[in-house]
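# Secondary and tertiary structure notes
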Amino acid sequence: MLAQGRDQGEIAATLDPAATATAVVAVLQGGYVLARAAGSAEPFTVAVDGILGLLASA
């Protein structure tokens, strides 16, 4: 999916699809763990918004 997005110009051509996918999964998992520990969905939402912002700016 990320390679296709890169090829279509939706994400930066300089992003490595495999490394980017690994980072996205790590952020999602980390956000989930933080949300469970906090008893609130907010840490997960902040993590998702953060990774989306990074991808948009790349």
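For the structure, see preceding data.
Residues numbered from 1 in each chain as written. Predicted model: local features only at pLDDT ≥ 70, side-chain atom pairs only at ≥ 80, totals over all residues. Heavy atoms only, no water.

Take the environment of alanine 35 next. With respect to the secondary-structure elements, alanine 35 resides in helix H2 (residues 17–38). Measuring from C-alpha to C-alpha, the distance between alanine 35 and leucine 55 comes to 22 Å, with 20 residues separating the pair along the chain. If we skip the residues at most four places from it in the chain, alanine 35 touches Ser40, Ala41, Pro43 and Phe44. (Helix = DSSP H or I, 4+ residues; strand = E, 2+ residues; numbered from the N terminus. Contact = heavy atoms within 4.5 Å.)

With that out of the way, let us pick up a nonpolar patch on the surface. The grouping of Leu28, Tyr32, Val33 and Phe44 at the surface amounts to a nonpolar patch, some 360 Å² of accessible area in total. Here the element with the most residues in the nonpolar patch is H2; it accounts for 3 residues. Along the chain, leucine 28 falls in helix H2. According to the relative accessible area criterion, leucine 28 is partly exposed, its value standing at 32%. (Patch = residues over 30% accessible without salt bridge, like charges linked within 9 Å, V, L, I, M, F, W, Y side chains within 5 Å. Areas by Shrake-Rupley, 256 points an atom, 1.4 Å probe, with all protein chains shown as cover. Salt bridge = Lys/Arg side-chain N within 4 Å of Asp/Glu carboxyl O. Buried < 20%, exposed > 50% of the residue type's maximum accessible area, 1.4 Å probe, protein only.)

All right, on to the pattern of salt bridges then. Using the criterion set out here, one finds 1 salt bridge in the structure. Measuring nitrogen to oxygen at the nearest pair gives 3.6 Å for the salt bridge that ties aspartate 7 to arginine 6. Residue classification places aspartate 7 among the exposed positions, given a relative accessible area of 60%.

Moving on, we come to H2. In this model H2 runs 31 Å from its N-terminal to its C-terminal C-alpha over 22 residues, within 8% of the 32 Å that 1.5 Å per residue would give. Taken residue by residue, H2 has Pro17, Thr20, Gly31 and Ala35 as its buried positions. Down the axis of H2, the buried set is contained in an arc of 65 degrees. They therefore lie on one face. Among the exposed residues of H2, those pointing more than 90 degrees away from its buried face are Ala18, Thr22, Gln29, Val33, Arg36 and Ala37. Where the residues of H2 are buried, they touch helix H1 (2–7) and helix H3 (42–57). Regarding H2, its N-cap is aspartate 16, as a side-chain oxygen of that residue lies 3.0 Å from the backbone nitrogen of alanine 18 further along. At the C-terminal side of H2, glycine 39 shows a positive phi close to 70 degrees. (Expected span 1.5 Å × (residues − 1). Arc of directions from axis to C-beta. Polar contact = N/O pair within 3.5 Å; in protein donor to acceptor, adjacent residues only side chain to side chain.)

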